[in-house]
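Each chain, written out:
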Amino acid sequence: MPLRPFDQLTRLGRIRRLASIARRALDERGIDEASLRFLTDDTNILFRARAAAGTFVVRIGVHGPIAHSLPEAEAETAWLAALRASGLTVPDPVPDLTGRLVTPIALRGVDGERLVVVFRWIPGGLLEGHLSRANLAAYGALAARLHRHAGGFRPPGDPPLPRYDHLFPFDQPEVLFAGGNTPLLPPRRLAVFRAAAERVTEAITRLRATQPMRLLHGDLHVWNVLLHRGRLAPIDFEDLMWGWPVQDIGTALYYLQHRPDFPAILGDFRRGYEEVAPWPEPAPGDLDTFIAGRALVLANDVLQMSPVDLGELDVPEFFARAERRLRATLEGGRFEG
């Protein structure tokens, strides 16, 4: 009996089918008789596995235009190894029985080959729910330690990685401004997006002329940092890229700028950062510029995502909210919502 195409399955049906990939990845690492629990399908698909050998996270990569390549995933695992050697608590990938940390797996009934990594479980809760002044300062210090380490590290073989030296760093089509006016981008909104893009491009041009690029985490928001017994651990390094630290901070703080207490959040974050390294904002306003840059990157992504990948995202509201936030940034203020 033929299998129903993957994109025609319900969400639960897709999760069940992908669980077979997770089990194969565990088998290929000699992790037997594991119990699986689904965690999330927000872009990547994550399962928690419990076995006699310990507790693990199985990450199954997406398929399609936002999928990462094998060289990118291998660069991620190489940086994780170097960071662990430096004393930072970061995810620890488990090799398969052939020594590979990243396992490409194709399964009948699943669209495309998926890149799978199995990590040892890191205990802790998400930083997002624990934004005390002390934790925000530790968050800034963590970002600074990552940036300082990256200044002296290059992945073996210098694999091709996204470069944030232009408006959209990821290796996918730039469609945001390709179609002109659309229902999602009427003339007034499109003008705001274009003005923000010009500001980001100008800031990148200045950075390129004055500072060398380094590896960035690329997605260091408060849902990608764990808190356990007063210590922070960054996770999900999959979006690593070449760029400048102020861009990494802009990406991280994009998700907090709407909060009324954002000035205090930024102050505590900066205080912690400066305990480790100089604040990396070359000119006043550059941080706001790269917070706006994150909004543009996400908008470009959303326009290319399939209905399956979009899930329950309200796309018209996403673009309306992005317009409000970009307009406030261009006007030199803070947005609300």
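Relevant structure appears above.
Residues numbered from 1 in each chain as written. Predicted model: local features only at pLDDT ≥ 70, side-chain atom pairs only at ≥ 80, totals over all residues. Heavy atoms only, no water.

### Focus on the environment of His 68
Quick note on the threshold: The way it works is that DSSP assigns letters per residue, a run of H or I at least four long becomes a helix, a run of E at least two long becomes a strand, and they are numbered from the N terminus. Between buried and exposed lies partly exposed: a residue is buried under 20% and exposed over 50% of the maximum accessible area for its type, with that area taken using a 1.4 Å probe on protein chains only. Here, two residues are considered to be in contact whenever any of their heavy atoms come within 4.5 Å of each other. Polar contacts, as used here, are pairs of N or O atoms within 3.5 Å; protein pairs need one atom able to donate a hydrogen and one able to accept it. Residues neighboring in sequence count only if both atoms are side-chain atoms.
For His 68, the position within the fold is in the loop between strand S3 (54–60) and helix H2 (70–85). The exposure class assigned to His 68 is buried, which follows from its relative accessible area of 17%. In sequence terms His 68 and Arg 114 are 46 residues apart; their C-alpha atoms lie 9.6 Å from each other. The contact partners of His 68, leaving out residues within four places of it in the chain, are Leu 115, Glu 238 and Asp 239. At a separation of 3.4 Å, a polar atom in the side chain of His 68 contacts the side chain of Glu 72. Within the local environment of His 68, its side chain forms a polar contact with the side chain of Asp 239, the two groups lying 2.8 Å apart.

### Details of the environment of Pro 2
Within the element layout of this structure, Pro 2 appears in the segment before helix H1 (11–27). Owing to a relative accessible area of 70%, Pro 2 belongs among the exposed residues under this scheme. For the pair Pro 2 and Gly 267, spaced 265 residues apart in sequence, the C-alpha separation works out to 58 Å.

### Comments concerning the pattern of salt bridges
Selection rule: Within this document, salt bridges are pairs made up of a side-chain nitrogen of Lys or Arg and a carboxyl oxygen of Asp or Glu, the two lying within 4 Å of each other.
Taken as a whole and judged by the stated rule, the model has 20 salt bridges. Across the salt bridge formed by Asp 96 and Arg 100, the nearest N and O atoms sit 2.9 Å from each other. Measuring nitrogen to oxygen at the nearest pair gives 3.1 Å for the salt bridge that ties Asp 268 to Arg 271. Taken as a pair, Asp 268 and Arg 271 lie in helix H6 (residues 262–274) at a separation of three residues, close to a single helical turn. Given a relative accessible area of 4%, Asp 268 falls into the buried group. Given the relative accessible area of 36%, Arg 271 is considered partly exposed. What you see here is one network of salt bridges that share partners, running through Glu 28, Asp 96 and Arg 100.

### Some thoughts on the nonpolar core
Side chains that are nonpolar tend, in soluble globular proteins, to be buried together. For clarity, the cut-off: We call a set of buried Ala, Val, Leu, Ile, Met, Phe, Trp, Tyr and Cys residues a nonpolar core when their side-chain atoms join them within 4.5 Å.
Counting 81 residues, the largest nonpolar core has Tyr 139, Phe 193, Leu 253, Leu 296 and Phe 319 as the members making the most contacts within it. Apart from the residues lying within four places of it in its own chain, the contact partners of Leu 253 are Tyr 139, Phe 262, Leu 266, Phe 269, Leu 287 and Ile 291. Of all hydrophobic cores here, the second largest spans 24 residues; its members include Phe 6, Ile 45, Leu 107 and Val 118.

### Focus on the packing of aromatic side chains
Heads up, the condition is: Within 6.5 Å between ring centres, the rings of Phe, Tyr and Trp (the latter by its six-membered ring) count as paired, and their orientation is classed by plane angle as stacked under 30 degrees, edge-to-face over 60, tilted in between.
Under the definition given, this model contains 10 aromatic pairs. Each ring, one from Phe 193 and one from Phe 319, has its centre 6.2 Å from the other, and the planes form 15 degrees; the classification is stacked. Residue Phe 193 is found in helix H4 (residues 187–210), and its partner Phe 319 is found in helix H9 (residues 315–330); the two are separated by 126 residues along the sequence. By the burial criterion, Phe 193 is buried, and Phe 319 matches it. An angle of 90 degrees between the planes, with centres 4.8 Å apart, marks the rings of Tyr 254 and Tyr 255 as edge-to-face. The class of Tyr 254 is buried, set by a relative accessible area of 8%.

### Observations regarding helix H7 (residues 286–302)
In an α-helix there are 3.6 residues to a turn, and that puts residues three or four apart on one side. Here is the rule we go by: Multiplying one less than the number of residues by 1.5 Å gives the expected span of a helix.
In this model, H7 (17 residues) spans 24 Å end to end at C-alpha, consistent with the 24 Å of a helix rising 1.5 Å per residue. Most of H7 sits out of view: 17 of its 17 residues are buried.

Interpretation in functional terms is not warranted from these geometric data alone.
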